[in-house]
Amino acid sequence: MPATATLPSCPELLAPAGSLAMLRTALAFGADAVYAGQPRYSLRVRNNDFGHLDQLASAIGEAHAAGRKLYVVSNVLPHNRKVHSYLVDMTPVVALKPDALIMADPGLIDLVRETWPEMPVHLSVQANTVNFAAVRFWQKLGIARIILSRELSLDEVAEIRQQCPDIELEVFVHGALCVAYSGRCLLSGYFNHRDPNQGTCTNSCRWDYKVQAATEDAAGDIRAASLPAAGLTNGRWLLEEKERRGELMPIDEDEHGTYIMNSKDLRAVEHVRRLAEIGVDSLKIEGRTKSPYYVARTAQVYRRAIDDAVAGRPFDPGLLGELDGLANRGYTDGFYQRHHEHEMQNYLRGHSESGRSLYVGDILAWDAPRRLALIEVKNRFSVGDRLEIIHPSGNRQFALARMQNLDGGEIGVAPGNGHRVWIPVPVELPGAMLARFV
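Attention in this report is confined to the structure presented alongside it. Values in this document were obtained by computation on a predicted structure and should not be read as measured data.

**Examining the overall build of the chain**
Within the chain, the secondary structure is distributed over 12 helices and 22 strands. Per-residue burial for the chain yields a buried fraction of 49% across its 438 residues. Contacts in the chain between residues at least 24 apart in sequence constitute 67% of all its contacts with a sequence separation of at least 6. Counting only carbon and sulfur atoms, one obtains 51% of the accessible surface of the chain, whose full area is about 20400 Å².

**Some details on the sheet that holds strand E19 (residues 396-399)**
The strands making up a sheet associate through hydrogen bonds between their backbones, and the pairing can be parallel or antiparallel. Judged by pairing direction, the sheet is antiparallel, and its 6 strands sit side by side in the order E19-E18-E22-E15-E16-E21 without closing on themselves. Of all the strands in the sheet, the pair left with one neighbour each is E19 and strand E21 (420-424). Here the strands of the sheet are splayed against their neighbours by 35° on average, with no regard to which way each runs. Of the strand pairs in this sheet, strand E15 (residues 357-367) and strand E16 (residues 372-377) are connected by 6 bridges, and their pairing is antiparallel. Bridge pairing in E16 places Gly361 opposite Val377.

**Describing helix H5 (residues 132-140)**
The opening residue of H5 is Asn131, an N-cap whose side-chain oxygen sits 3.1 Å from the backbone nitrogen of Ala133. Downstream of H5 by one or two residues, Gly142 has phi in the positive range, about 95°.

**Focus on the environment of Ala327**
Turning to its location among the elements, Ala327 is positioned in the loop between helix H11 (318-324) and strand E14 (331-332). A relative accessible area of 73% places Ala327 in the exposed class.

**So, the nonpolar core**
By size, the foremost hydrophobic cluster in this structure holds 91 residues, and its most contacted members are Ile146, Leu148 and Tyr302. Per element, the largest residue contribution to this core is 10 residues, and it comes from helix H10 (residues 292-311). The residues contacting Leu148, other than those within four sequence positions of it, are Val125, Thr129, Val135, Val157, Ile160, Leu169, Glu170 and Val171. Among the nonpolar cores identified, the runner-up in size contains 19 residues, and Ala414, Val421, Val425 and Ala432 belong to it.

**Details of the pairing of strand E13 (residues 282-285)**
A two-sided burial pattern is seen for E13, the buried positions comprising Ser282 and Lys284 on one face and Leu283 and Ile285 on the other. The sheet contact formed by strand E1 (residues 12-16) and E13 spans 3 bridges and is parallel. Looking across to E13, one finds that Leu13 is bridged to Leu283.

**A look at helix H1 (residues 20-28)**
Within the span of H1, buried status applies to Leu20, Met22, Leu23, Thr25, Ala26 and Leu27. The inward-facing, buried residues of H1 abut E1, strand E2 (33-37), helix H2 (53-65), strand E3 (69-74), H10 and strand E22 (433-437). Backbone geometry just after H1 places Gly30 at a positive phi near 110°.

**Things to note about empty space enclosed by the protein**
Evaluation of the coordinates by the stated rule reveals 4 cavities of 30 Å³ or more. In terms of lining, the largest cavity is formed by Val269, Val272, Arg273, Ala305, Asp308, Ala309, Arg313, Pro314 and Phe315. For the lining of the largest cavity, the elements supplying multiple residues, two or more each, are helix H9 (272-278) and H10. Tallied by class, the residues present in the lining of the largest cavity amount to 6 nonpolar, no polar and 3 charged.

**Regarding the packing of H5 against helix H6 (residues 154-163)**
Direction vectors running N to C along H5 and H6 enclose 45°, while the axes themselves pass 9 Å from each other. Classified by the angle between their axes, H5 and H6 sit oblique to one another. Note that H5 runs across H6; the crossing there is right-handed. Between H5, through Phe132, Val135 and Arg136, and H6, the contact on the second element is made entirely by Glu159, Ile160 and Gln163. Taken together, the residues of the contact of H5 with H6 sort by class into 3 nonpolar, 1 polar and 2 charged.

Conventions and cut-offs
- Note that residues are indexed from 1 along each chain, following the sequence as it is written.
- The predicted nature of this model means local features are confined to residues of pLDDT at least 70 and side-chain atom pairs, given and counted, to a pLDDT of 80 or more, with totals for whole chains, interfaces and linings taken over all residues.
- Note: side-chain values were computed over all heavy atoms of the structure, leaving out hydrogens and water.
- Numbering of helices and strands runs from the N terminus, with a helix taken as a DSSP run of H or I at least four residues long and a strand as a DSSP run of E at least two residues long.
- Residue exposure (1.4 Å probe, protein chains only): buried if accessible area is under 20% of the type maximum, exposed if over 50%, otherwise partly exposed.
- Contacts are assigned to residue pairs with any non-hydrogen atoms lying within 4.5 Å of each other.
- Here the accessible surface of atoms and residues is derived via Shrake-Rupley with a 1.4 Å probe, and residues count as covered only by protein chains that are part of the display.
- Whether two strands pair depends on DSSP finding at least two bridges between them.
- Axis lines are fitted through C-alpha atoms, for helices just across the contact stretch, and the angle between N-to-C directions can take any value from 0 to 180 degrees.
- Here a polar contact is recorded for every N or O atom pair within 3.5 Å, except that within protein the pair must consist of a potential hydrogen donor and a potential acceptor, and residues adjacent in sequence are included only if both atoms are side-chain atoms.
- What we call a nonpolar core is a set of buried Ala, Val, Leu, Ile, Met, Phe, Trp, Tyr and Cys residues that are connected through their side-chain atoms within 4.5 Å.
- Site definitions follow a grid-based scheme: protein atoms alone, a 1 Å grid, a 1.4 Å probe that fits but cannot get out for cavities, and for pockets an open set with protein on both sides within 12 Å along at least five of seven lines, plus lining residues having an atom within 4 Å of a point.
- Grid points are joined across faces, edges and corners, and a volume is the space filled by probe spheres set on the points.
- As a working rule, the residues Ala, Val, Leu, Ile, Met, Phe, Trp, Tyr, Cys and Pro are called nonpolar, Asp, Glu, Lys and Arg charged, and the rest polar, with Gly in that last group.
- Under this scheme an angle from 65 to 115 degrees is roughly perpendicular, one under 35 degrees roughly parallel, and one over 145 degrees roughly antiparallel; angles in between are oblique.
- A clockwise turn of the near helix away from the far one marks a right-handed crossing, whereas an anticlockwise turn of less than a right angle marks a left-handed crossing.

No statement about biological role is implied by the geometric values presented.
Okay, here's the thing in structure tokens:
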């Protein structure tokens, strides 16, 4: 396949970090910038190590030492008590010189612009920016970058770029998709009083729900009925969550059908070249609560996709399969392309299925005399499996010929998490991750 024309500029690859380990992994695997936030003022409270200022200081220092950037997420939609404390709490954060603050609330943005006019502000996806007029509005207020809503098509992103040529634009290319408009959800707050807009979302949209048919009694009350009794044509349905027996919620349906909760995950690696051609400045991976393995795989794949696009090389469909091994709820390219041709669907699915892999362990140490690597097992693997070493210097594949337990005895299976084993690997790469092709 012939190469295509090179691109005039290279979009930034922006990766998530909920810990220093994730940050170091993201930088090692090719991220140009990392975003991290404090639990009180960002929308990620759990799995977030940056509540301590020294951790955030280390993160910013390590990113800058590597010649990369770190953006501090401060995108909470605050009630009054957080507004009162915001400037006091953020003063030491701003003193650490992050490269930008990612913000959503107009009030907090105004406070920052007045107090630290030199601090760049990136407008969070939570602000739901979906048109060029809104981009112009925020640009007038001094916003340096707009993170566009996930609900836009490629053509809509292109029009915004054409209408607003002199402001930075950022879009999401990978990660979880919220059931609500750009994340402004109330479901978790309704079910268990944990407000997603304050950073404590419990992902209620991904719980275990069952659909039941509904009937109406003589008094007009709606109740559940068995499906055969109610039939399938009355258009009335109820939803029941596994842990909330008896709490029946009606499902509304319009002429387009009904869309219940759990979205597939975003994977838009096949659109990287088009986004770069449009002139999008930053391509963002979602997932601050995920693992270092997740950020290693996603950063590595999107780094290669960006580099290929900028160099004029055609898209490598094998990248699809490398992402399929990550835990996901099925993949979609979201709203970027509303209708796929049949050939494109087969092309995506076929390559995705052929390259699937599963994270199975970390390489802890190397025994040079025996040429064996010590593996911290995360998931089951066996002698005879085809394995892949994931490392910033490049990945290697090999067939596992033998395995030993810690006592040196020959074994055939590494049972799973909590075990350590010795295996022969082709190269000395402590710190690498290990995956099994499935």
